[in-house]
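Understanding the architecture of this molecule
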Amino acid sequence: MRTQPAHGDSDLKRLFIHNRALHDVRTLAEIERIERAWIVPRVAELEERTPPLASRAQWKEALDGLLEKESAGTPAGHWLAEEATRDQLAYVVAEFAPDGLTEAQNFFPAIPRLPIRSQMAVMRVLIDEFGCGNLQQAHSQLYADLLAELGLPADLDAYLDRTGDETYAFLDVFYWLTQRAPHVEYFLGALAYLEASIPSAFTVQARACERLGVTHGRYYTEHLHIDTFHRTEMQVAIREYEAAHGLDPTRLWVGALLLSDLIGTAFETAVARAREAA
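A brief report on the enclosed structure follows.

Calculation rules
Every chain's residues receive numbers from 1 upward, in the order its sequence appears when written. pLDDT decides what is reported in this predicted model: residues at 70 or higher carry local features, side-chain atom pairs at 80 or more are listed and counted, and totals for whole chains, interfaces and linings draw on all residues regardless. As a rule here, side-chain values cover all heavy atoms of the structure and leave hydrogens and water aside. Secondary structure elements are defined from DSSP: runs of H or I of at least 4 residues count as helices, runs of E of at least 2 residues count as strands, and each element is numbered from the N terminus. For every residue, the accessible area (1.4 Å probe, protein chains only) is compared with the maximum for its type, and the residue is labelled buried under 20%, exposed over 50%, or partly exposed between those bounds. Pairs of N or O atoms within 3.5 Å make up the polar contacts considered here, provided that, within protein, one atom can donate a hydrogen while the other can accept it, and that residues adjacent in sequence are counted only when both atoms are side-chain atoms. Every angle, taken between N-to-C directions, lies between 0 and 180 degrees, and every axis is a line fitted to C-alpha atoms, over only the stretch in contact when it is a helix. Each angle receives one of four descriptions, namely roughly parallel if under 35 degrees, roughly antiparallel if over 145, roughly perpendicular if within 65 to 115, and oblique otherwise. Left-handed describes a crossing in which the near helix is turned anticlockwise from the far one by less than a right angle; the clockwise case is right-handed. Residues count as neighbours in contact if any of their non-hydrogen atoms are within 4.5 Å of one another. Residue polarity follows a fixed list, in which Ala, Val, Leu, Ile, Met, Phe, Trp, Tyr, Cys and Pro are nonpolar, Asp, Glu, Lys and Arg are charged, and the others, Gly among them, are polar. Pairing of aromatic side chains requires ring centres within 6.5 Å, counting the rings of Phe and Tyr and the six-membered ring of Trp. Pairs whose planes differ by under 30 degrees are stacked, by over 60 edge-to-face, and all others tilted. Helices are assigned an expected span. That span is 1.5 Å times one less than the residue count. Note on definitions: salt bridges are taken to be side-chain nitrogens of Lys or Arg within 4 Å of carboxyl oxygens of Asp or Glu.

**With respect to the environment of Asp24**
- The topology assignment puts Asp24 in the loop between α1 (11-19) and α2 (25-37).
- Looking at Asp24, the relative accessible area reads 39%, which means it is partly exposed.
- Between the C-alpha atoms of Asp24 and Glu233, which are 209 residues apart in sequence, the distance is 35 Å.
- Here the side chain of Asp24 touches Arg26 through a polar contact of 3.1 Å, landing on its backbone nitrogen.

**Overview of the packing of helix α4 (residues 56-70) against helix α11 (residues 185-201)**
- Following both chains from N to C, one finds α4 and α11 inclined at 40 degrees, their axes separated by 11 Å at the closest point. Our classification of the angle between α4 and α11 gives oblique. Crossing angle aside, the handedness with which α4 passes α11 is right-handed. For the pair formed by α4 and α11, the contact residues are Trp59, Leu63, Leu66, Leu67 and Glu70 on the first element and Gly189, Ala192, Tyr193, Ala196 and Ser197 on the second.
- A breakdown of the residues in the contact of α4 with α11 according to their chemical character gives seven nonpolar, two polar and one charged.

**Quick word on the side chain of Thr50**
- Tracing the backbone through its elements, the reader meets Thr50 in the loop between α3 (39-49) and α4.
- Apart from residues lying up to four places away in sequence, Thr50 is in contact with Thr250, Trp253, Val254 and Leu257.

**Overview of the packing of aromatic side chains**
- With the rule as written, the count across this model stands at 10 aromatic pairs.
- Measuring from ring centre to ring centre gives 6.3 Å for Phe174 and Phe187, while their planes differ by 85 degrees; the resulting arrangement is edge-to-face. In this pair, Phe174 is assigned in helix α10 (residues 165-179) and Phe187 in helix α11, connecting sequence segments 13 residues apart.
- On the basis of relative accessibility, which here comes to 0%, the residue Phe187 falls in the buried class.
- Between Trp176 and Tyr186, the aromatic rings sit 6.2 Å apart at their centres with planes inclined by 25 degrees, giving stacked as the arrangement. Residue Trp176 is located in helix α10, and its partner Tyr186 is located in helix α11; the two are separated by 10 residues in the primary sequence.
- On the basis of relative accessibility, which here comes to 4%, the residue Tyr186 falls in the buried class.

**Some thoughts on the environment of Trp59**
- Assignment of secondary structure puts Trp59 in helix α4.
- Distance from Trp59 to Gly217, taken between C-alpha atoms, is 33 Å for residues 158 residues apart in sequence.
- Every residue in contact with Trp59, bar those within four places of it in the chain, is listed here: Leu53, Gly189, Ala192, Gln235, Ile238, Pro249, Leu252, Trp253 and Ala256.

**Digging into the side chain of His230**
- Within the element layout of this structure, His230 appears in helix α13 (residues 218-245).
- His230 sits in the buried class, given a relative accessible area of 0%.
- Separated by 2.9 Å, the side chains of His230 and Asp128 make a polar contact.

**Observations concerning helix α8 (residues 116-129)**
- For α8, built from 14 residues, the straight-helix expectation of 20 Å at 1.5 Å per residue is met to within 8% by its first-to-last C-alpha distance of 20 Å.
- Residues of α8 that are buried: Ser118, Gln119, Ala121, Val122, Val125, Leu126, Asp128 and Glu129.
- Next to the buried residues of α8 lie α9 (139-149), α11 and α13.

**Digging into the pattern of salt bridges**
- In total, this model carries 21 salt bridges according to the counting rule given.
- Of the charged contacts, one joins Glu210 and Arg207 as a salt bridge, the two residues approaching to 3.4 Å between their closest N and O atoms. With Glu210 and Arg207 both in helix α12 (residues 203-212) and three residues apart, this pair spans about one turn of that helix.
- Taking relative accessible area as the criterion, Glu210 reaches 60% and is therefore assigned exposed.
- Classification of Arg207 by relative accessible area gives partly exposed; the value is 31%.
- As a salt-bridge pair, Arg218 and Glu222 come within 3.7 Å of each other at their nearest N and O atoms. Placement of the pair is Arg218 and Glu222 together in helix α13, with a separation of four residues, close to one helical turn.

Here is the structure:
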């Protein structure tokens, strides 16, 4: 398998590194500079062209419609599930290693921004992400096991120069959503979308692992099970937020649309590069 060509020190790569580092005045200024040029105008443009929603019920209806549309899958997903070689699957797994190895770590800063009952629902999601305190069940450990089986390193630093900006965008957005977005509803909508979409989306990787005899595909099959529960918990978190503070359902929808676009672009790009690398 050829490795992905290095992407140099792009803004989105530097942003990922800065977000995980101890901040000083200089790094905070750099973070804000990159986000002002990247995500702030993107969200503003999305808000401007998104028809407003009047209620949480309308948000739920819009989300269900988006999920139903996406459940049909894409040609890229079908190819990965049914045609990709082991090396090509490994290429896609490597592309998302910075996500799998740090899974859910960027969600925690949102907790202080939520009312207590909403916090509890989100924390129930996070507890599962970390294996309920059992290292062998933690999602990041399941991903490390998958990487090892595919002959790939489990060291995050090994992927920093080979990860595409499309993937970094998906990773970086949650640091903004949880810490610097002006409204936490963007985060709630984005995470609600993510938890609801994964059980369908990960059937692609789960099928590829099954077809290719990859025994540590449990990272994907675990999500098929647990994220059904997480989907419900995120709706609880949103309901409790509304009860405590009121709610702008359009912001929830903008968060969902934003993440759908970012993760879809990252996946499609990763698969395209895997095919080119063959």
